[in-house]
Amino acid sequence: MRLGVMFDRDLPPESLIPFCRHLDAAEVDDVWVVEDLGWTGAISSAATALAVTERLRVGIGITPAPLRNPALLAMELGNLARLHPGRLAAGIGHGVQDWMRQVGALAPSPLALLEETITAVRDLLRGETVTLAGKAVQLDGVRLVHPPAVVPPLLAGVLRPRSLELSGRVAQGTILPEGVGSGKIEEALTLTGGGDHELVVFVNLYLGDDAATVTALAEGSAEFLKIAPDEVVMAVGSAEEAADQIRSLWEAGARTVVVRPFGPDPLPQVDLLLTELR
């Protein structure tokens, strides 16, 4: 069982370095960076996080396939994996469809694009010469000159049943978004095949008693997941209550739980949580 911490997109980008250094000295396994339209790029964030830490795995959660040519994505990931072997995990997803529409990158077939992107990136990172005439991806004899000796795992950031099945076919892991509970974890394990497939679950973390904050977090996840706010699973309340919720996600089958601490000063919350989890 692994514990990760997300560097929230609303934090000032320059605070990433002290944030990662703090976690590198703590009892945390991963730090995760995000790529949402208008915020920051995940590759540059991951490169920075890897460069200023010594032991943390750095997760990318997640790059949208419509914005990333698979050859270029493989080049970037391969470079990071060579420089920091064994310390990278790369999430790839469909992208938020409204955002993809905003930038003119809406895919006619999101499922085909994601499957072909993950397949191409995976094979390129393995050092293969890739030719692919797919529905969405076209590659003709492409290979990496410097493929990594340690190939980083690719994880699909997906939610719906057909996408989960896709992840089980082509990815080494699956990332589930904030708010999911044991039922969705069980479904994901079934549809992806379980086994060595790593299931990563994001969860909002808020240690405090501000009811308005808790409600806002629940409503945000509920809207995305299309469920009722009272069905949203979060690590909120006291450190003890939050720790119990994280343990329940591990017990449900999540191999890695990544907390997303809410607020402008997240690290004290993480420290309190770690004390309770010990």
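Residues numbered from 1 in each chain as written. Predicted model: local features only at pLDDT ≥ 70, side-chain atom pairs only at ≥ 80, totals over all residues. Heavy atoms only, no water.

## Some thoughts on helix H10 (residues 267–277)
Okay, so step 1: Three or more residues of H10 are buried, namely Leu267, Gln269, Val270, Leu273, Leu274 and Leu277. One side of H10 holds all its buried residues, which, seen down the axis, span an arc of 150°.
Okay, so step 2: Buried residues along H10 sit against strand S1 (2–6), helix H1 (16–24), strand S9 (198–207), helix H9 (239–252) and strand S11 (256–261). (Buried < 20%, exposed > 50% of the residue type's maximum accessible area, 1.4 Å probe, protein only. Helix = DSSP H or I, 4+ residues; strand = E, 2+ residues; numbered from the N terminus. Arc of directions from axis to C-beta. Contact = heavy atoms within 4.5 Å.)

## Quick look at the pairing of strand S7 (residues 154–157)
Okay, so step 1: Of the two faces of S7, both are covered, the one formed by Leu154 and Ala156 as well as the one formed by Leu155 and Gly157.
Okay, so step 2: When strand S4 (residues 88–93) meets S7, the two strands line up parallel, connected through 4 bridges. Of the residues in S7, the one forming a bridge with Ile92 is Ala156.
Okay, so step 3: The pairing of S7 with strand S8 (residues 173–176) spans 3 bridges and is parallel. Along S8, the bridge assignment pairs Gly157 with Ile175.
Okay, so step 4: The handedness of the S7 to S8 crossover, carried by helix H6 (residues 161–170), is right-handed. (Pairing = 2+ DSSP bridges. Right-handed = clockwise from strand over helix to strand, strands pointing away.)

## Description of the pattern of salt bridges
Okay, so step 1: Applying the stated criterion across every chain, the model contains 14 salt bridges.
Okay, so step 2: One salt bridge connects Arg9 with Asp36, and the closest N-O pair in it is separated by 2.8 Å. Residue Arg9 is located in the loop between S1 and H1, and its partner Asp36 is located in the loop between strand S2 (30–33) and helix H2 (42–51); the two are separated by 27 residues in the primary sequence.
Okay, so step 3: Residue classification places Asp36 among the partly exposed residues on the basis of a relative accessible area of 22%.
Okay, so step 4: In this structure, Asp123 engages Arg126 in a salt bridge whose closest nitrogen and oxygen atoms are separated by 3.9 Å.
Okay, so step 5: With relative accessibility at 48%, the residue Arg126 sits in the partly exposed group. (Salt bridge = Lys/Arg side-chain N within 4 Å of Asp/Glu carboxyl O.)

## Some remarks on the packing of aromatic side chains
Okay, so step 1: If you walk through the whole model with that rule in mind, you get 4 aromatic pairs.
Okay, so step 2: With a centroid separation of 6.5 Å and an interplanar angle of 80°, the aromatic rings of Tyr206 and Phe262 are classed as edge-to-face. Highlighted residues: Tyr206 in strand S9 and Phe262 in the loop between S11 and H10, separated in sequence by 56 residues.
Okay, so step 3: By relative accessible area, Tyr206 is classed as buried at 12%.
Okay, so step 4: The ring of Trp39 carries the charged tip of Arg9 above its face, separated from the ring centre by 3.9 Å. (Phe/Tyr/Trp six-rings, centres within 6.5 Å; stacked < 30°, edge-to-face > 60°. Lys NZ or Arg CZ within 6 Å of the ring centre and 35° of its normal.)

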